[in-house]
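The primary structure of each chain is shown beneath.
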Amino acid sequence: LAPDASKYWRCMGRAAALGDASAQYLVGASLVAGEVSLSELAEHGEEAHRGSEHSEAEQGLGLVNSAAQQDHPQALYWMAMFYRQQGQESEMRSNLEGAAALGDAEANFCLGDMCYHGTDGFVVDHRRAFSFFLAAALSRHPLALCSVGAMYYQGLGVSRDLHKSFKAYQIAAEEGSAEAMRNLAAMHYSGEGCEQSEAAARYMLRVAKEAEESAADST
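Residues numbered from 1 in each chain as written. Predicted model: local features only at pLDDT ≥ 70, side-chain atom pairs only at ≥ 80, totals over all residues. Heavy atoms only, no water.

This part takes up unusual backbone geometry. It is generally the case that most residues other than glycine have a negative phi and that most peptide bonds are trans. For D120, which is not glycine, the phi torsion reads 55 degrees and is therefore positive. Mapped onto the secondary structure, D120 falls in the loop between helix 7 (105-117) and helix 8 (126-137). (Helix = DSSP H or I, 4+ residues; strand = E, 2+ residues; numbered from the N terminus.)

Turning next to the packing of aromatic side chains. Ring pairs (aromatic) are described by centroid distance and by the angle formed between their planes. Scanning the entire structure with this criterion turns up 6 aromatic pairs. Considering the side-chain rings of W78 and F82, the 6.2 Å spacing of their centres and the 10 degrees angle between planes classify their relative orientation as stacked. A residue pair is termed a helical-turn pair when its members lie 3 or 4 positions apart in one helix, as W78 and F82 do in helix 5 (residues 73-85) at 4 residues. Pairing F82 with Y83 gives two aromatic rings, centres 5.6 Å apart and planes at 65 degrees, and the pair type is edge-to-face. When its relative accessible area of 22% is taken as the criterion, F82 is described as partly exposed. (Phe/Tyr/Trp six-rings, centres within 6.5 Å; stacked < 30°, edge-to-face > 60°. Buried < 20%, exposed > 50% of the residue type's maximum accessible area, 1.4 Å probe, protein only.)

Turning our attention to the pattern of salt bridges. Under the definition given, this model contains 7 salt bridges. Linking E97 and R128 is a salt bridge whose minimum nitrogen-to-oxygen distance equals 3.5 Å. Of this pair, E97 sits in helix 6 (residues 89-101) while R128 sits in helix 8; the two residues are 31 residues apart in sequence, bridging distant segments of the chain. Residue R128 is classed as partly exposed on the basis of its relative accessible area of 29%. For E175, the salt bridge is made with R140, and the minimal N-O distance between the two is 2.7 Å. Of the two residues, E175 sits in the loop between helix 10 (162-174) and helix 11 (178-190) while R140 sits in the loop between helix 8 and helix 9 (142-154), which places them 35 residues apart along the sequence. A residue is classified by how much of its surface remains accessible, and E175, at 36% relative accessible area, is partly exposed. (Salt bridge = Lys/Arg side-chain N within 4 Å of Asp/Glu carboxyl O.)

Moving on to the packing of helix 10 against helix 11. Relative orientation of the contacting elements helix 10 and helix 11 amounts to 140 degrees, with a least axis distance of 8 Å. Judged by the inter-axis angle, helix 10 sits oblique to helix 11. For the pair helix 10 and helix 11, the sense of crossing is left-handed. In this structure, helix 10 contributes L162, S165, F166, Y169, Q170, A172 and A173 to the contact, and helix 11 contributes A180, M181, N183, L184, M187 and H188. (Axes fitted to C-alpha atoms, helices over the stretch in contact; angles between N-to-C directions. Parallel < 35°, antiparallel > 145°, perpendicular 65-115°, else oblique. Left-handed = near helix turned anticlockwise from the far one by under 90°. Contact = heavy atoms within 4.5 Å.)

This part is about the packing of helix 2 (residues 21-33) against helix 5. Running from N to C, helix 2 and helix 5 point in directions that differ by 30 degrees, and their axes come no closer than 10 Å. Taken as axis vectors, helix 2 and helix 5 run roughly parallel relative to one another. Between helix 2, through Y25, A29 and V32, and helix 5, the contact on the second element is made entirely by Q74, A75 and W78. Here the contact of helix 2 with helix 5 is composed, by residue class, of 5 nonpolar, 1 polar and no charged. (Nonpolar A, V, L, I, M, F, W, Y, C, P; charged D, E, K, R; others polar.)

With that settled, consider the side chain of H188. Among the secondary structure elements, H188 is positioned in helix 11. Beyond its immediate sequence surroundings of up to four residues, H188 is in contact with F166, C194, E195, Q196, S197, A200, A201 and M204.

Turning our attention to the nonpolar core. Membership of the largest hydrophobic core comes to 54 residues, with the highest contact counts inside it found for Y25, V64, Y77, L96 and V148. Top contributing element to this core by residue count: helix 5, with 8 residues. Ranked by size, the runner-up nonpolar core spans 10 residues in total, among them A16, V27, L41 and L63. (Core = buried A, V, L, I, M, F, W, Y, C linked by side-chain atoms within 4.5 Å.)

See below:
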């Protein structure tokens, strides 16, 4: 079938009006971001927002919040970041922890970062930070994998284990992390957590450079 934006928004709009959490999150976030307008939704069959006194952004926020109240992980994370921008720590924390409990990798990484650095109302707790990073790493979150690798390497919040550090960096590298590739190069060069190999180290540095250049070209 050929792409049809008109039918797409009709379906998503109707699903949102019927209370589907995923549709509410997508339509709501799109309204807030200005990626779709109320007139477009109305034209394509979305009647839930016609005649409202609220702005498009306000209605979008309401839809995302409705999805979050149905325990939609991405909507919970989205609301957490909204409350963070507003300086509402309690609401931010509640939504972020809810998203993390439902397995949202970005939420788990964010909590790990907050616990690691002691920001956003969290105290520094490296053990807790490691557990959040590890939860995100299970979904192959590159930054979380790098954090797990670093903490295993340093023995911070967890017993030092160079083999597990190497493995975490290896998976992060598979996900395209240039930082992980450079760390693997260093470990190959010194023989930490792996067999010592200058050739492997040089190869990883070359691959890291290529990854960084590719990322720069795409921005």
